[in-house]
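Each chain, letter by letter, is given below.
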Amino acid sequence: MSIKKVMVIGAGQMGSGIAQVCAQSGFDVILNDKNENALERGMHSIEKLLARNVQKGRMTETEREETLARLTPSTKLTDAASVDVVIEAIVENMDVKAKVFQALDEITADHVILASNTSSLPITEIAAITKKPEKVVGMHFMNPVPVMKLVEIIRGLQTSDETYQAIEEMSQVLNKTSVEVNDFPGFVSNRILMPMINEAIYTVYEGVATPEDIDTVMKLGMNHPMGPLTLADFIGLDTCLSIMEVLYEGFGDSKYRPCPLLRKYVKAGWLGKKSGRGFYVYE
């Protein structure tokens, strides 16, 4: 299958990053978001990052202009009718994703691959919503997308070998390293990462140490580039909570129970860096 045109749905940090990487790699890209303000912010973020790449000598001015020329903003989901692959990167909520995939099922041609950037939700369940479950796959990028090399390709129960192969080849074009993952809650990355973050939050909750000292232990003692609480703030505490709830529900094991302090912070609107406050305060 020849992939030439891609739609990315969701112009947030993940979606705009995916759109940027796809456009830089030569794909024609439609960046879609029903919220015009979010779409404008996403496009501005891409422009800003590309300008910084030129300043740092990572790309030429011509390459920047060519990348931007391959990007088209859109607020209409019906624009998906002209693409080969759709990558959904919206809120981590099954009901919301289901509505989008049901709409895409009607809009897109039979050959189109429908990929989800979900960080924990079951690809098999998403695929079952559509009439072409063999064309549905998980394509989980890491944040920030332009920097991180990994893509988890998640095979649902119905995902065909042809679909998997096409996305694996696309990942290579994007200069990413892909790993094949079967459809279990949290896949590999978040099944391992999120319980660690959750345990770090329990360590704050129980008064064992301060967030700063916990992060210092993991950075200097375990050689992590970033402490788990700083990372949680960067990911978004609401996203961390959603993933922990998926793990807890999916496995029914108490070791995945979200820390009450995590729930409290999310209810308070302390979502991390994006809200200005989480385990740390941000300007």
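Now for a description of the structure that goes with this document.

Criteria and cut-off values
- Residues numbered from 1 in each chain as written.
- Predicted model: local features only at pLDDT ≥ 70, side-chain atom pairs only at ≥ 80, totals over all residues.
- Heavy atoms only, no water.
- Helix = DSSP H or I, 4+ residues; strand = E, 2+ residues; numbered from the N terminus.
- Expected span 1.5 Å × (residues − 1).
- Buried < 20%, exposed > 50% of the residue type's maximum accessible area, 1.4 Å probe, protein only.
- Arc of directions from axis to C-beta.

We now examine helix α6 (residues 161-173). The terminal C-alpha atoms of α6 lie 19 Å apart, and with 13 residues this matches the ideal 18 Å at 1.5 Å per residue to within 8%. Residues Thr163, Tyr164, Ala166, Ile167, Met170 and Ser171 constitute the buried set of α6. Viewed end-on, α6 has its buried residues packed into an arc of 160 degrees, placing them on one side of the element. In this structure, α6 carries Asp161, Glu162 and Gln172 as exposed residues pointing more than 90 degrees from its buried face. Phi turns positive one or two residues past the end of α6, at Asn175, with a value near 65 degrees.

Cis rather than trans, the peptide bond between Asn143 and Pro144 has omega equal to 0 degrees. Among the secondary structure elements, Pro144 is positioned in the loop between β6 (136-141) and β7 (150-155). Positive phi outside glycine occurs at Asn175, with the angle close to 65 degrees. Structurally, the position occupied by Asn175 is in the loop between α6 and β8 (177-182). A positive phi angle, near 55 degrees, is found at Phe187, a position not held by glycine. Structurally, Phe187 is set in the loop between β8 and α7 (189-205). We classify Phe187 as buried; its relative accessible area is 3%.

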